[in-house]
Amino acid sequence: MTNDLTATALAPILLITANPSHPLAHLALRYAQAVLEQSSSLDDNDRTHPTSALQVFFYGEAAQTANGLRWQSADQPNLSAQWQALAEQYSLRLLVCVSTALSRGISDADNSQRHQLTGDNLAARFELVGLGELAMMMQNGGRLMQF
């Protein structure tokens, strides 16, 4: 039987750097949906090998996806809400580089207090983490896909 660490090590890493308004950001979401749907159907057939099908990391301009105050007009898909729904459905962690998020005005409660900011606006289901998280994912051998 595969342990959770090994399963995570085999999971592809989705590194998203595109601004949420860029077509590549939407392509990354569709890619993630496809991977997770395929993995889910495989898991239904084989329950002996638990897998973490995908690891997601938002970096640079993609940190804007985690902005809970980001408004989207009704005629455009809400990328943040779509990621949140995917995370909910598949218990997917949505990791965001803390440095790139803070430099773009996106913060959680802990960092707002630490840096004496007046509020927080990190969208639900997103997590601020250090860049070391991405390095650890890569060290564990996951295939890297960048959008």
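Residues numbered from 1 in each chain as written. Predicted model: local features only at pLDDT ≥ 70, side-chain atom pairs only at ≥ 80, totals over all residues. Heavy atoms only, no water.

(A) Layout of the nonpolar core. Membership of the largest hydrophobic core comes to 32 residues, with the highest contact counts inside it found for L14, V56, F58, W83, L92 and F126. Elements represented by at least two residues in this core include exactly strand 1 (13–16), helix 2 (23–45), strand 2 (55–58), helix 3 (79–90), strand 3 (94–97), helix 4 (98–102) and strand 4 (126–129). With seven residues, helix 2 is the single largest residue contributor to this core. When near neighbours in sequence (up to four residues on either side) are disregarded, L92 contacts L36, L54, V56, W83, L86, A87 and R125. (Core = buried A, V, L, I, M, F, W, Y, C linked by side-chain atoms within 4.5 Å. Buried < 20%, exposed > 50% of the residue type's maximum accessible area, 1.4 Å probe, protein only. Helix = DSSP H or I, 4+ residues; strand = E, 2+ residues; numbered from the N terminus. Contact = heavy atoms within 4.5 Å.)

(B) Structural context of the packing of aromatic side chains. Considering all chains together, one arrives at three aromatic pairs under this definition. Ring plane angle 85° and centroid distance 5.3 Å describe the contact between F58 and W83, whose orientation is recorded as edge-to-face. Residue F58 is found in strand 2, and its partner W83 is found in helix 3; the two are separated by 25 residues along the sequence. Relative accessible area serves as the criterion here: at 0%, W83 is assigned to the buried category. Through successive ring pairs, a cluster of aromatic residues spans F58, W83 and F126. (Phe/Tyr/Trp six-rings, centres within 6.5 Å; stacked < 30°, edge-to-face > 60°.)

(C) The arrangement of the confidence of the model for the protein in detail. Confidence along the protein averages 88 in pLDDT terms, with 86% of residues attaining 70 or more. For residues 46–51, every residue scores under 50 in pLDDT, and the model assigns this stretch nine contacts once sequence neighbours within four places are set aside. (pLDDT = per-residue confidence, 0-100.)

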